[in-house]
Amino acid sequence: MPRITPIPAFNDNYIWCWIDEDSHRAAVVDPGDADPVLSFLKQHQLQLDTILVTHHHHDHTGGIERLLQEASPQSSIPVYGPSNSVIRSISEPMHEGESFLLFGRRVQVMTIPGHTLDHIGYFVAASATDQTPFVFCGDTLFRAGCGRLFEGTPEQMLQSLNRLNELPAETLVYCTHEYTLSNLAFAAAVEPHNQAIQEAIKADQHKRQQQLPTLPSTLAEERRINPFMRTEAPAVQAAAGNLEQIDTTNATEVFRVIRDWKNRF
Ligand SMILES: [Zn+2]
């Protein structure tokens, strides 16, 4: 299993660091701040190999330029990112369905717009030597929640979540923010009788008390606790129907109403 470690940044960001133990090289995902990454690399004697970016927001991109200058002044480091983005430091603009090799694993690019229009995710399937698939999904899917719709429509975001939902159940979900406890409080308001949500609250409160991350999540778990992945669940449909007169068999409408409620929650 690859070693993937969170480097905490700002208040609640995680810059995920994928470490190749054999070569002592590392890839970082969405480095919004260079300082914590540079000290982590130094402390663990790692060489920066690759930067992956999911979307243009500053808390995901603000450290890239300095990392390029300071982490590897001699050689150029590839910066993967969305092809339709304003991010100037991207050297490898990626389109839907494209893939590349990183530390011997094939990384598949998925376009998952909604939070922003340039949002992509990076999926790594199980391999012969490693049974655990994983995905870096930026600010699209959070544990028990999803990103705000800054640029896209509810329909786009729901489609993106549905695409992530097609990945294998055991896929580890590496989100960028530690929003879990507030997301779970909202999920419990949407579905007060959902036992899996109550169990997640207990387990994750315990983790946070010990200052441990609640991530990665898994898709199997998200299917049980995440209201934004549960627009087909009768309890979620009923909650949306109580807020607005909508056709609750229309998943986009259910998603829109629940997402609006979360903005006010
Ligand atoms: Zn964002």
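Residues numbered from 1 in each chain as written. Predicted model: local features only at pLDDT ≥ 70, side-chain atom pairs only at ≥ 80, totals over all residues. Heavy atoms only, no water.

Asks: What is the right way to look at the overall build of the chain in this model?
Replies: Scanning the chain from terminus to terminus reveals nine helices and 14 strands. Scaling as 2.2 N^0.38, a compact globule of 265 residues should have a C-alpha radius of gyration of about 18 Å, and the chain matches this with 18 Å. With respect to the principal axes defined by its C-alpha atoms, the chain has extents near 60 × 40 × 35 Å. Classification of the 265 residues of the chain by burial places 54% in the buried group. Sequence separation of at least 24 residues holds for 60% of the intrachain contacts in the chain that already meet a minimum separation of 6. Put simply, the chain shows about 12,000 Å² of open surface, and 47% of that area lies on carbon and sulfur atoms. With 20 positive and 32 negative side-chain charges, the chain shows a spacing of 4 Å between the two charge centroids. (Helix = DSSP H or I, 4+ residues; strand = E, 2+ residues; numbered from the N terminus. Rg over C-alpha atoms; globule rule 2.2 N^0.38 Å. Buried < 20%, exposed > 50% of the residue type's maximum accessible area, 1.4 Å probe, protein only. Contact = heavy atoms within 4.5 Å. Areas by Shrake-Rupley, 256 points an atom, 1.4 Å probe, with all protein chains shown as cover. Lys, Arg positive; Asp, Glu negative; His and termini not counted. Charge placed at Lys NZ, Arg CZ, Asp CG, Glu CD.)

Asks: For this particular structure, what's the right way to read the pattern of salt bridges?
Replies: Oppositely charged side chains can pair when the atoms bearing their charge come close. Evaluated as defined, the whole model comprises 15 salt bridges. Between Arg256 and Asp260 there is a salt bridge whose closest N-O contact spans 3.8 Å. Taken together, the positions of Arg256 and Asp260, both in helix α9 (residues 251-264) and four residues apart, correspond to about one turn of that helix. Three or more residues are tied together by salt bridges with common partners; here these are Arg143, Asp204, Glu221, Glu222 and Arg224. (Salt bridge = Lys/Arg side-chain N within 4 Å of Asp/Glu carboxyl O.)

Asks: Looking at this model, I keep getting lost on the coordination of the zinc ion. Mind explaining?
Replies: For a metal bound by four donors in a tetrahedral arrangement, the ideal donor-metal-donor angle is 109.5 degrees, while six donors in an octahedral arrangement ideally sit at 90 or 180 degrees. Here the zinc ion is held by the protein donor atoms His55 (NE2), His57 (ND1), His115 (NE2) and Asp139 (OD), which lie 2.1 to 2.3 Å from it. The coordination sphere of the zinc ion comprises four donor atoms, whose angles at the metal cover 91 to 166°; the geometry is irregular. Sequence positions of the donors to the zinc ion reduce to the motif H-x1-H-x57-H-x23-D. Here His115 is found in the loop between β8 (105-111) and β9 (120-124), whereas its partner Asp139 is found in the loop between β10 (134-138) and β11 (141-142), with 24 residues between them in sequence. (Donors = N, O, S within 2.8 Å, 3.2 Å for Na, K, Ca; no water. Tetrahedral: all angles 85-135°; square planar, octahedral: opposite > 155°, others 65-115°.)

Asks: What exactly am I supposed to notice about the nonpolar core here?
Replies: Among soluble globular proteins, nonpolar side chains are generally buried collectively. Core analysis: the largest hydrophobic core is formed by 52 residues, its most contacted members being Trp18, Phe100, Tyr122, Phe136, Leu164 and Ile258. When residues of this core are assigned to their parent elements, the largest contribution, six residues, is made by α9. If we skip the residues at most four places from it in the chain, Phe100 touches Leu52, Tyr80, Met94, Arg105, Arg106, Val107, Val109 and Tyr122. Counting 23 residues, the second-largest nonpolar core is a separate cluster that includes Val37, Phe40, Ile51 and Ile64. (Core = buried A, V, L, I, M, F, W, Y, C linked by side-chain atoms within 4.5 Å.)

Asks: Any chance you could explain unusual backbone geometry here in plain terms?
Replies: Leave glycine aside and you will find that most residues have negative phi; peptide bonds, for their part, are mostly trans. Looking along the chain, the bond that leaves Leu215 and enters Pro216 is cis, with omega of 0°. By secondary structure assignment, the location of Pro216 is in the loop between α6 (195-209) and β14 (217-218). For Asp30, which is not a glycine, the phi torsion comes out positive at approximately 55°. Note on placement: Asp30 falls in the loop between β3 (25-29) and α1 (34-43). When its relative accessible area of 1% is taken as the criterion, Asp30 is described as buried. With a phi close to 60°, Gln211 is a non-glycine residue in the positive phi region. Structurally, the position occupied by Gln211 is in the loop between α6 and β14.

Asks: I would appreciate a short explanation of the sheet that holds strand β7 (residues 99-102) in the present structure.
Replies: The strands making up a sheet associate through hydrogen bonds between their backbones, and the pairing can be parallel or antiparallel. The six strands are arranged β7-β8-β9-β10-β13-β14 in an open sheet whose pairing can be described as mixed. In this open sheet, the two strands that pair with only one neighbour each are β7 and β14. In this structure, β8 lies alongside β9, joined through five bridges in antiparallel fashion. Bridge pairing links Val109 to Tyr122 in β9. (Pairing = 2+ DSSP bridges.)

That is the geometry; function is a separate question.
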